[in-house]
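Survey of secondary and tertiary structure
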Amino acid sequence: VIVEKTGEDVDSILDPILLRQTVKESGSLCYKLGDSLVPLHTDFRLIFTTDLTSPHYLPEVCVKVTLLAFMITPEGLNE
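Below or above, wherever it landed, is the structure these notes cover. (Residues numbered from 1 in each chain as written. Predicted model: local features only at pLDDT ≥ 70, side-chain atom pairs only at ≥ 80, totals over all residues. Heavy atoms only, no water.)

Here's the deal with the environment of Leu 14
- Its location among the elements puts Leu 14 in the loop between β1 (2–3) and α1 (15–18).
- Its relative accessible area of 22% is what places Leu 14 among the partly exposed residues.
- For the pair formed by Leu 14 and Leu 77, sequence separation is 63 residues and the distance between their alpha carbons is 33 Å. (Helix = DSSP H or I, 4+ residues; strand = E, 2+ residues; numbered from the N terminus. Buried < 20%, exposed > 50% of the residue type's maximum accessible area, 1.4 Å probe, protein only.)

What follows is the structure, encoded as structure tokens:
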């Protein structure tokens, strides 16, 4: 799943996914999001992108995710 144009804040409802906090329900692993149990698929990836040129994330966000900082320019695409 790709979430585009995110800001500098991440909703706390996503903490179980970002921190990979799973629970075992009926023999399968699930994420508990609010009151719901969502089955975990082993190939699931959550990717956030931003169009902010210089985002500043809080330390609380940085410990939950892997940050990659790069920028694509039109000149680079032509190469």
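Still more to cover.
What to know about the sheet that holds strand β4 (residues 36–39)
- Spatial ordering of the open sheet is given by β2-β3-β4, a layout of three strands whose pairing is antiparallel. What marks the edges here is a single partner per strand, and that holds for β2 (22–25) and β4. Going from strand to strand, the sheet's axes swing by 50 degrees on average, the running direction of each strand aside.
- Relative to β4, strand β3 (residues 28–33) is paired through four bridges, and the arrangement is antiparallel. Each bridged residue has a counterpart across the sheet, and for Tyr 31 the counterpart in β4 is Val 38. (Pairing = 2+ DSSP bridges. Axes fitted to C-alpha atoms, helices over the stretch in contact; angles between N-to-C directions.)

Thoughts on the layout of surface pockets
- By volume, the largest pocket is sized at about 1200 Å³.
- As for the largest pocket, its lining consists of 35 residues, and the residues nearest its centre are Ile 47, Phe 48, Thr 49, Thr 66 and Leu 68.
- Contributions of two or more residues to the lining of the largest pocket are made by α1 and β5 (47–48). (1 Å grid on protein atoms, 1.4 Å probe; cavity = no way out; pocket = protein on both sides within 12 Å on 5 of 7 lines; lining within 4 Å. Points joined across faces, edges and corners; volume = space filled by probe spheres on them.)

Some details on the pattern of salt bridges
- Within this structure, the stated rule accounts for one salt bridge.
- A salt bridge links Lys 64 to Asp 15; the nearest nitrogen and oxygen atoms lie 2.8 Å apart. Here the residue Lys 64 occupies a position in the loop between α2 (59–62) and α3 (74–78), and Asp 15 occupies one in helix α1, the gap between them amounting to 49 residues.
- According to the relative accessible area criterion, Lys 64 is partly exposed, its value standing at 24%.
- In this structure Asp 15 comes out as buried when scored by relative accessible area, which is 17%. (Salt bridge = Lys/Arg side-chain N within 4 Å of Asp/Glu carboxyl O.)

Digging into a nonpolar patch on the surface
- Taken together, the side chains of Leu 68, Phe 70, Ile 72 and Leu 77 define a hydrophobic patch exposed on the protein surface, amounting to about 530 Å² of accessible area.
- Looking at the secondary structure, you find Phe 70 in the loop between α2 and α3. (Patch = residues over 30% accessible without salt bridge, like charges linked within 9 Å, V, L, I, M, F, W, Y side chains within 5 Å. Areas by Shrake-Rupley, 256 points an atom, 1.4 Å probe, with all protein chains shown as cover.)

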